[in-house]
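Survey of secondary and tertiary structure
Chain residues, written in single-letter form:
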Amino acid sequence: MGKVTGFMEYERLEEGYEPVAKRVKNYKEFVIGLSEPQAKQQGARCMDCGTPFCNSGCPVNNIIPDFNDLVYHGDWKNAIEVLHSTNNFPDFTGRVCPAPCEAACTLNINDDAVGIKSIEHAIIDRAWAEGWIKPQPAAVKTGKKVAIVGSGPAGLAAAQQLARAGHAVTVFEKNDTAGGLLRFGIPDFKFDKSHIDRRVKQMEAEGVVFKTNTLVGELPKGSKVTNWAKETVTPEQLKKEFDAVLLAGGAEQSRDLPVPGRDLDGIHFAMEFLPMQNRVNAGGKVKDQIMATGKHVIVIGGGDTGSDCVGTSNRHGAASVTQFEVMPQPPEQENKPLVWPYWPLKLRTSSSHEEGCVREFAVSTKAFIEGEGKDKGRIVGLKTVHVEFKDGKFVEIPGTEKDYKADLVLLAMGFVSPVASILESFGVEKDPRGNAKAGVEAQGGYRTSVDKVFAAGDMRRGQSLVVWAIREGRQAARAVDEFLMGTSTLPR
């Protein structure tokens, strides 16, 4: 529980950031983690609240009070054991999870929550530095073969669990390196890809085989989804060669904005823009990279992906960056007695916003403006109007029309579903939102309508958080193990 009176004695400590002027000159991580004494002090604030809502607020059900207490008492080695018991990759979640556990912290009712995410970050970094993280190959092999389609956090979590259960696991990834949207959708300054690389090495030592540059199924003609595959494998091949198949790809079908002028040059999905920079950072070559240098950039979409576009545009040296959000500006402080322990609606200012960005709320784009002369066929601006939400729909507010200058527009309005053609190539039944239809029941969970084909993560639930992907990957691994062996000792 930490220190009995710790929550009364100590204030919440935030992780630090490198100065803006320094960090925008590169793509390196800039978060300064807690020192050992700071992490101990933060762990001391955990208040033995009786019913730790943080556990249920965390999608992977991390045993948070226990590792807080262990850090407070300096038992870091057992802290990483507790953390790994529920979460394969705290090095991922400790950096990019929005920390719903902290929103659910009992101390958050009338005070600042315990800095759970910062403690998790400190534990995993200490564990790697001390050499405590080792491969855990299975002592006994089952002789069963499992194919996993997609190497994002859901696919990686499932692969590691199944390999440790003794199965021969092969992960198929259409791009040239494992990691999925975690690698290509999140900028390096938020999440350095070396964290994925060392986990892949660990998993290879545990027997997992990664087949990159390999597309399973097919993408529709003209698809904007990132795809650097050099070979294609059919679903029939996988079903023939493997005892089970798990679909664990991302929700990569971006939400479009079909307004007049959408076909103009200079309008791109965020997931065209962000993967290119990540590939360049890794030393790869990109043809016709989308650059924001010297341009007036409009980012349409107020979520994390939009924020990532802002940060990347600033590092390119954009002339200006403006971010649109169709929803009204939320309050700066949530009504805690009303919303606790659930995720609150409140104004969130990211590190990318702090680096330079104008934010506009309740704005709807009516049309893209085409240039003239040498700019014919290119975007030079947007026509917008302010809106309000009435009777379940957005209504324009007369007299609020405004034009914005724009040389580059990035669409970051979220993702609607997995790519439909992938699911269709397997013949998998879809739910009304276009995801693979598969329940989560204890027996037979995560199974699709096709024999021995399972689905998890974004492929099953739609666009979600990395922590939900890890949870679903772990649970799906248990379901696959039960299907193959009749029983399973893997945790749910």
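Structure: above.
The text that follows walks through the structure, step by step, so that each part is easy to find.

1. Some points on the nonpolar core
Soluble, globular proteins show a tendency: their nonpolar side chains are buried together. Formed by 68 residues in total, the largest nonpolar core has its most connected members in Phe 67, Ile 123 and Ile 148. Per-element tally for this core: the top contributor is helix α20 (residues 466-485), with 9 residues. Not counting residues up to four positions away in its chain, the partners in contact with Ile 148 are Gly 155, Ala 158, Ala 159, Leu 162, Val 169, Thr 170, Val 171, Phe 172, Leu 246 and Ala 248. In terms of nonpolar packing, the next biggest core, distinct from the first, is built from 17 residues, Leu 238, Leu 247, Phe 426 and Met 459 among them.

2. Here we look at the sheet that holds strand β12 (residues 320-325)
The strands that make up a sheet are held in pairs by hydrogen bonds between backbone atoms, and each pair lies either parallel or antiparallel. Judged by pairing direction, the sheet is parallel, and its 5 strands sit side by side in the order β10-β18-β11-β12-β13 without closing on themselves. Looking at strand neighbours, the two that pair on one side only are β10 (267-269) and β13 (358-361), the edges of this open sheet. Neighbouring strand axes in the sheet, compared pairwise and without regard to direction, differ in orientation by 20 degrees on average. Sheet strands in contact with helix α14 (residues 270-281) are β10 and β18 (408-411), and its direction is about 75 degrees off that of β10. Sheet strands in contact with helix α15 (residues 304-316) are β11 (296-300), β12 and β18, and its direction is about 175 degrees off that of β12.

3. Overview of the side chain of Thr 384
Structurally, Thr 384 is set in strand β15 (residues 379-390). With sequence-adjacent residues up to four places away left out, Thr 384 is seen in contact with Phe 324, Val 363, Ser 364, Thr 365, Lys 366, Thr 400, Glu 401, Lys 402 and Tyr 404.

4. Here's the deal with the environment of Glu 325
Of note, Glu 325 is situated in strand β12. Separated by 34 residues in sequence, Glu 325 and Arg 359 have C-alpha atoms that sit 7.8 Å apart. Beyond its immediate sequence surroundings of up to four residues, Glu 325 is in contact with Gly 301, Gly 302, Gly 303, Glu 360, Phe 361, Ala 362 and Val 363.

5. Quick look at the environment of Cys 357
Considering the arrangement of structural elements, one finds Cys 357 in the loop between α17 (351-354) and β13. Here the alpha-carbon distance between Cys 357 and Glu 130, two residues 227 residues apart in the chain, equals 40 Å. Aside from chain neighbours lying at most four places away, what touches Cys 357 is Val 310, Val 321 and Gln 323.

6. Some remarks on the layout of surface pockets
Of the voids in this model, the second largest pocket is the one considered here, and its volume is about 390 Å³. Lining the second largest pocket are 16 residues, and of these Lys 224, Trp 228, Glu 272, Met 276 and Lys 287 sit closest to its centre. With 4 residues, the single largest contributor to the lining of the second largest pocket is α14. Each residue belonging to the lining of the second largest pocket can be placed in one class, and the counts come to 6 nonpolar, 4 polar and 6 charged.

7. Brief notes about α15
Compared with an ideal rise of 1.5 Å per residue, which puts 13 residues at 18 Å, α15 spans 18 Å between its outermost C-alpha atoms and is within 8% of the ideal. Burial analysis of α15 places 12 of its 13 residues in the buried class, which makes it a mostly covered element. Every buried residue of α15 is listed here: Thr 305, Gly 306, Ser 307, Asp 308, Cys 309, Val 310, Gly 311, Thr 312, Ser 313, Asn 314, Arg 315 and His 316. Of the residues one or two after α15, Gly 317 is the one with positive phi, at around 90 degrees.

8. As for empty space enclosed by the protein
Inspection of the entire model under this criterion finds 1 cavity of 30 Å³ or more. A volume near 80 Å³ is recorded for the largest cavity. Lining the largest cavity we find 14 residues, and of these Asn 62, Thr 93, Cys 97, Cys 101 and Glu 120 sit closest to its centre. Here the residues of the lining of the largest cavity sort into 8 nonpolar, 4 polar and 2 charged.

9. Some words on the packing of helix α3 (residues 36-44) against helix α9 (residues 116-130)
Relative placement of two packed helices is described by the angle separating their axes and the distance separating the axes. α9 packs onto α3 with a crossing angle of 135 degrees between their chain directions and a minimal axis gap of 10 Å. As summarised for this structure, α3 and α9 are arranged oblique, according to the angle between their axes. At the point where α3 passes α9, the crossing takes the left-handed sense. Contact residues: α3 offers Glu 36, Ala 39, Gln 42 and Gly 43, while α9 offers Ser 118, Ile 119, Ala 122 and Arg 126.

Conventions adopted
Residues numbered from 1 in each chain as written. Predicted model: local features only at pLDDT ≥ 70, side-chain atom pairs only at ≥ 80, totals over all residues. Heavy atoms only, no water. Core = buried A, V, L, I, M, F, W, Y, C linked by side-chain atoms within 4.5 Å. Buried < 20%, exposed > 50% of the residue type's maximum accessible area, 1.4 Å probe, protein only. Helix = DSSP H or I, 4+ residues; strand = E, 2+ residues; numbered from the N terminus. Contact = heavy atoms within 4.5 Å. Pairing = 2+ DSSP bridges. Axes fitted to C-alpha atoms, helices over the stretch in contact; angles between N-to-C directions. 1 Å grid on protein atoms, 1.4 Å probe; cavity = no way out; pocket = protein on both sides within 12 Å on 5 of 7 lines; lining within 4 Å. Points joined across faces, edges and corners; volume = space filled by probe spheres on them. Nonpolar A, V, L, I, M, F, W, Y, C, P; charged D, E, K, R; others polar. Expected span 1.5 Å × (residues − 1). Parallel < 35°, antiparallel > 145°, perpendicular 65-115°, else oblique. Left-handed = near helix turned anticlockwise from the far one by under 90°.

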